[in-house]
Amino acid sequence: MRLMKQVDLSERQIEYWWRRRRAQDKPTTLVKFCETSWRCIYYTYSFIFGSIVMWDKPWLWDIKQCWYGYPHQSVTNDIWWYYMISMAFYWSLTASQFYDVKRKDFWQMFAHHMITILLMALSWVCNLHRVGSLVLLVHDCADIFLESAKLTKYAQYQKVCDTIFAIFTVVWIVTRLMLYPRIIYSSSVEAPQILPMFPAYYIFNTLLILLLVLHICWTYLIVQIAVKAIKSGQMEGDVRSSSSEEISDSSENSRPVLTNGGTPKKQPSKNGTTAAVAAANSVSASPKKKQ
């Protein structure tokens, strides 16, 4: 209201100016595409490398092998590299999160990265690398499809995005809500029957359970997206997008156009301009059209 008096503009014109100004701080589609491409390449490499490393390990096929002979379990070179590269990646995610695209689940993701790093560090120090490597392998699989769905969304291949997102949803539920709880069951029920407990074990197991709680929260977000997609026929909306990002997207589609008399007139919204599709993670938006 003060600006209206100072610059002699209508309230609608001032609101439009503020929205355009906020939109200038948004990352471009190319920036988000490159950011997502990097993560997609890493998760693909990590899952393939982890599968090769873990294929001949007995604890991949029998989780109880994680506890037999503990703590006298040697670390092979391939497991060492798998751990070090994964930890370096999660440290980089923790640092870059403050500069990447902001989402509604910023603090959940930050907590996820910190819990993951603490889990890896604690499992390495306490020689629990066997169960730690299982957790890493289970988590990398679904992220490949998540990042791939984002890429196809940015490239405006909507049908491909929908297909990949459906695959991602299934893989997520199988790995994060079925296989991962099996690991927690082994660490919570089977491990105490095989070896004596120690203080660090309780911290380790608590962090595993906290990670599962985060997975349940993200599963709720994914289900929301899936329900909306079924109703609308395509992936629309992003439950992870920040409020400012949503405002700037919507304002670009309904921005006022000044007529000759200076009266703002609402411009009709254009189809196909969507925000980002999400998940934990989730699938991000297609680029808005330039006005």
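Conventions used here
- Residues numbered from 1 in each chain as written.
- Predicted model: local features only at pLDDT ≥ 70, side-chain atom pairs only at ≥ 80, totals over all residues.
- Heavy atoms only, no water.
- Helix = DSSP H or I, 4+ residues; strand = E, 2+ residues; numbered from the N terminus.
- Contact = heavy atoms within 4.5 Å.
- Areas by Shrake-Rupley, 256 points an atom, 1.4 Å probe, with all protein chains shown as cover.
- Salt bridge = Lys/Arg side-chain N within 4 Å of Asp/Glu carboxyl O.
- Buried < 20%, exposed > 50% of the residue type's maximum accessible area, 1.4 Å probe, protein only.
- Expected span 1.5 Å × (residues − 1).
- UniProt positions renumbered as here; feature names shortened; annotations may be inferred.
- Axes fitted to C-alpha atoms, helices over the stretch in contact; angles between N-to-C directions.
- Parallel < 35°, antiparallel > 145°, perpendicular 65-115°, else oblique.
- Left-handed = near helix turned anticlockwise from the far one by under 90°.
- Nonpolar A, V, L, I, M, F, W, Y, C, P; charged D, E, K, R; others polar.
- Core = buried A, V, L, I, M, F, W, Y, C linked by side-chain atoms within 4.5 Å.

### Structural notes on the overall build of the chain
Along the backbone of the chain there are 10 helices and two strands. For the chain, the proportion of contacts with a sequence separation of at least 24, taken over those separated by at least 6, is 75%. When the accessible surface of the chain is split by element, carbon and sulfur atoms take 65% of a total near 15200 Å².

### Topic: the pattern of salt bridges
Pairing between side chains becomes possible if they bear opposite charge and their charged atoms approach one another. Enumeration according to the criterion identifies eight salt bridges in this entry. The salt bridge involving Lys 57 is made with Asp 56; its shortest N-O contact spans 3.0 Å. A relative accessible area of 7% means that Lys 57 is categorised as buried. Classification of Asp 56 by relative accessible area gives exposed; the value is 57%. A single salt-bridge network, built from bridges that share partners, covers Glu 35, Arg 39, Glu 147 and Lys 150.

### Considering helix 6 (residues 106–125)
Taking 1.5 Å per residue, 20 residues should reach 28 Å; helix 6 reaches 29 Å between its end C-alpha atoms and fits that length. Along helix 6, the positions that sit buried rather than exposed are Phe 106, Met 109, His 112, His 113, Ile 115, Thr 116, Ile 117, Leu 119, Met 120, Leu 122 and Ser 123. With its phi angle positive at about 60 degrees, Asn 127 sits one or two positions after the end of helix 6.

### Comments concerning the UniProt feature "transmembrane region" (unreviewed entry) in the chain
The positions that UniProt labels "transmembrane region" (unreviewed entry) are, in the present scheme, residues 80–99, 106–125, 160–180 and 200–223. Secondary structure across residues 80–99 divides into 85% helix and 0% strand, with the first and last C-alpha atoms of the span separated by 30 Å. A helix fraction of 100% and a strand fraction of 0% characterise residues 160–180, whose end C-alpha atoms lie 28 Å from each other.

### Concerning the packing of helix 6 against helix 9 (residues 199–232)
Interhelical geometry of helix 6 versus helix 9 gives an angle of 150 degrees and a closest axis separation of 10 Å. When the axis of helix 6 is compared with that of helix 9, the two are roughly antiparallel. Viewed along their axes, helix 6 and helix 9 form a crossing whose handedness is left-handed. Residue-level contacts link Gln 108, Met 109, Ala 111, His 112, Ile 115, Thr 116, Leu 118, Leu 119, Leu 122 and Ser 123 of helix 6 to Ala 200, Ile 203, Phe 204, Leu 207, Leu 208, Leu 210, Leu 211, Leu 214, His 215 and Trp 218 of helix 9. In terms of residue class, the contact of helix 6 with helix 9 is built from 15 nonpolar, five polar and no charged.

### A few points about the nonpolar core
Counting residues in each nonpolar core, the largest one holds 55 residues, and the members touching the most others are Tyr 90 and Tyr 180. Looking at this core, the elements with two or more residues in it are helix 3 (29–54), helix 5 (77–96), helix 6, helix 7 (129–154), helix 8 (158–194) and helix 9. Apart from the residues within four sequence positions on either side, Tyr 90 is in contact with Tyr 43, His 112, His 113, Thr 116, Ile 117, Met 120, Leu 136 and Asp 140.

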